[in-house]
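Here are the chains, one letter per residue:
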Amino acid sequence: MSLLTFKQGIHPDYNKNLTSDKPFKKAARPEMLTILMQQHIGAPCKPLVKKGDHVDLGQKIADSDSFVSAPIHASASGSVKEIKKVLTADGRQCDAVVIEPDDEDWLAEGIVPYGALEDLSPESIRKIVRDAGIVGMGGAMFPTHVKLTIPEGKKAEYLVLNGAECEPYLTVDHRMMLERPDAVVYGMKALMKAIGARKGIIAIDDNKPDAVKVMEESVLSEEGIEVKVMETKYPQGGEKMLIKAVLDREVPMGGLPIDIGVVVNNISTAVAVADAITKGMPLVERTVTVTGRGVREPLNLICPIGISVRDLIAEAGGLTDDAVKVIMGGPMTGFAQPSLDSYVVKGTSGILVLTEEELDLNPPRPCIRCARCVDVCPQFLLPLNLARYAEHGMLEEMERYRILNCIECGSCSYICPANRPLMQYIKLGKAEVMANRRNQ
Ligand code: SF4
Ligand code: SF4
């Protein structure tokens, strides 16, 4: 029987065996936490605390009036040492609240369970999700309460929980399904209630048979929820690819999943929602895969938001002698870091350290027009042309060839035998097109 999937895509080396059998371990308390004010798509938050303040674990320390934003909470009790400028993983500058944790772990006032899910209305679930500062934890960091607010005239038929985890190396969602299946299902039911969806699908790639088994057993008695198994292919976890695979529906060009009655959420996001409702706990910690042949002991860590990459690498036994590149996220969509002074945010699912041997350090060569980039693009674009238009600032051509439909999956760059940085050019082109549209 053929497995569910989408057209095109790639089959990279997944390298998940480095950590897929490593149970979550709790990171040691770091000496300092640096909590960024930009941890979501949308308006950055403004600090509500100042140098010298004492904060409790889970206390709200930053917020914004904007709807598309999410508040930020202290991930430890301790004292605010300073508020300073830092760089985000993708190189933008933002404010950060630096907290020196104490060893008390005083819990903030008001952190109590919200009661039974049956007694909560869709509005109250959305409010709990907003107040807990929950954003998409698969990397997109879109505020979850916004996703759960269905626009007038639209109806959510399906909630699809994304268990594909198609990025090579990363295994946090895989481990989450194995270690906290009940929280996954609870969070999923809460998300379904919030959007009024009757049907739920947990979509998992077939390279996680143990997670498929556990989740199938966990939903046996749940009405309207089923598990679907997909072919392991990249970028299977992209929303459009996921929906095509499990529902055979296509998101219209320039549209959103809700246009075809679907809302997609990530596995770890569902667990964060479960914790917010059952414990009253805002999003102050997350699980991170620290992996690659450039660290001595790859592992899956539970760590506070704001911990540094330096601390995480120390937890993984330190760098190997041949480590050369540190990436925040996975190898396909992550960001190379200029130093180890970068900090975990709500969307950080992995820290990947590569060795010289694993990197292709050859410079880009001229395009040989082999069309391999075209053959793999899941959005049916012409990456070789788009990259050339972006390189030369050709706005009209970029628009005509639908550059904004690029989902920045990196499949084209991966497959290119001439080592051309296609996605990198296309990303810059997209930013230029968006800026031009705003100016007009
Ligand atoms: S894969 Fe690379 S070499 Fe081949 S057509 Fe695309 S850009 Fe050119
Ligand atoms: S053009 Fe965009 S969507 Fe297509 S393969 Fe490249 S990065 Fe992915």
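Heads up: the structure comes first, above all this text.
Residues numbered from 1 in each chain as written. Chains lettered and ligands numbered in written order. Predicted model: local features only at pLDDT ≥ 70, side-chain atom pairs only at ≥ 80, totals over all residues. Heavy atoms only, no water.

Chemist: Residue-level account of the sheet that holds strand β3 (residues 46–47), with values.
Modeler: Whenever strands of a sheet pair, they do so through backbone hydrogen bonds, lying parallel or antiparallel. Taken together, three strands build an open sheet; the order of strands is β3-β5-β6 and the sheet is antiparallel. The open sheet has two edge strands, β3 and β6 (72–73), and neither has a second partner. As judged from the two bridges shared by strand β5 (residues 60–63) and β6, these two strands associate in the antiparallel manner. Each bridged residue has a counterpart across the sheet, and for K60 the counterpart in β6 is H73. (Pairing = 2+ DSSP bridges. Helix = DSSP H or I, 4+ residues; strand = E, 2+ residues; numbered from the N terminus.)

Chemist: Report on the pattern of salt bridges, specifying residues and quantitative values.
Modeler: Counted according to the given criterion, the structure contains 28 salt bridges. Between K26 and E285 there is a salt bridge, with the nearest N and O atoms lying 3.1 Å from each other. Here the residue K26 occupies a position in strand β1 (residues 25–26), and E285 occupies one in strand β13 (residues 285–291), the gap between them amounting to 259 residues. Residue classification places K26 among the exposed residues on the basis of a relative accessible area of 57%. With a shortest N-O distance of 3.2 Å, D53 and K50 are connected by a salt bridge. (Salt bridge = Lys/Arg side-chain N within 4 Å of Asp/Glu carboxyl O. Buried < 20%, exposed > 50% of the residue type's maximum accessible area, 1.4 Å probe, protein only.)

Chemist: A description of the environment of K16 should follow, citing residues and the corresponding values.
Modeler: Counting through the fold element by element, K16 comes out in the segment before β1. Along the primary structure K16 and L170 are separated by 154 residues, whereas in three dimensions their C-alpha atoms are 6.3 Å apart. The contact partners of K16, leaving out residues within four places of it in the chain, are E165, E167, Y169, L170, T171 and N207. From its side chain, K16 meets the backbone oxygen of L170 in a polar contact 2.7 Å long. (Contact = heavy atoms within 4.5 Å. Polar contact = N/O pair within 3.5 Å; in protein donor to acceptor, adjacent residues only side chain to side chain.)

Chemist: Give a detailed account of the site of ligand 1, specifying residues and quantitative values.
Modeler: Ligand 1 sits among C367, I368, R369, C370, A371, C373, L384, C416, P417, A418, R420 and L422. Residues of the shell around ligand 1, tallied by class, amount to 10 nonpolar, no polar and two charged. (Near = heavy atom within 4 Å. Nonpolar A, V, L, I, M, F, W, Y, C, P; charged D, E, K, R; others polar.)

Chemist: Can you break down the packing of aromatic side chains residue by residue, with the values?
Modeler: Inspection of the entire model under this criterion finds one aromatic pair. Summarising the aromatic geometry, the rings of Y389 and Y401 are spaced 5.5 Å apart at their centres and angled 45° between planes, so their arrangement reads as tilted. Taken together, the residues span a long stretch of sequence, with Y389 in helix α10 (residues 383–391) and Y401 in the loop between α11 (395–400) and α12 (411–415) at a distance of 12 residues. Since its relative accessible area comes to 8%, Y389 is described here as buried. Y401 gets classed as partly exposed once you look at its relative accessible area, which sits at 30%. Against the face of F6 rests K233, its NZ or CZ located 4.5 Å from the ring centre. (Phe/Tyr/Trp six-rings, centres within 6.5 Å; stacked < 30°, edge-to-face > 60°. Lys NZ or Arg CZ within 6 Å of the ring centre and 35° of its normal.)

Chemist: Lay out the sheet that holds β13 in plain terms, naming residues and giving numbers.
Modeler: The mixed open sheet is built from six strands, whose spatial order is β1-β14-β13-β17-β15-β16. Among the strands making up the open sheet, the edge pair consists of β1 and β16 (335–336). Across three bridges, β13 lies against strand β17 (residues 350–355) in parallel orientation. The residue of β17 that forms the bridge with T291 is L352.

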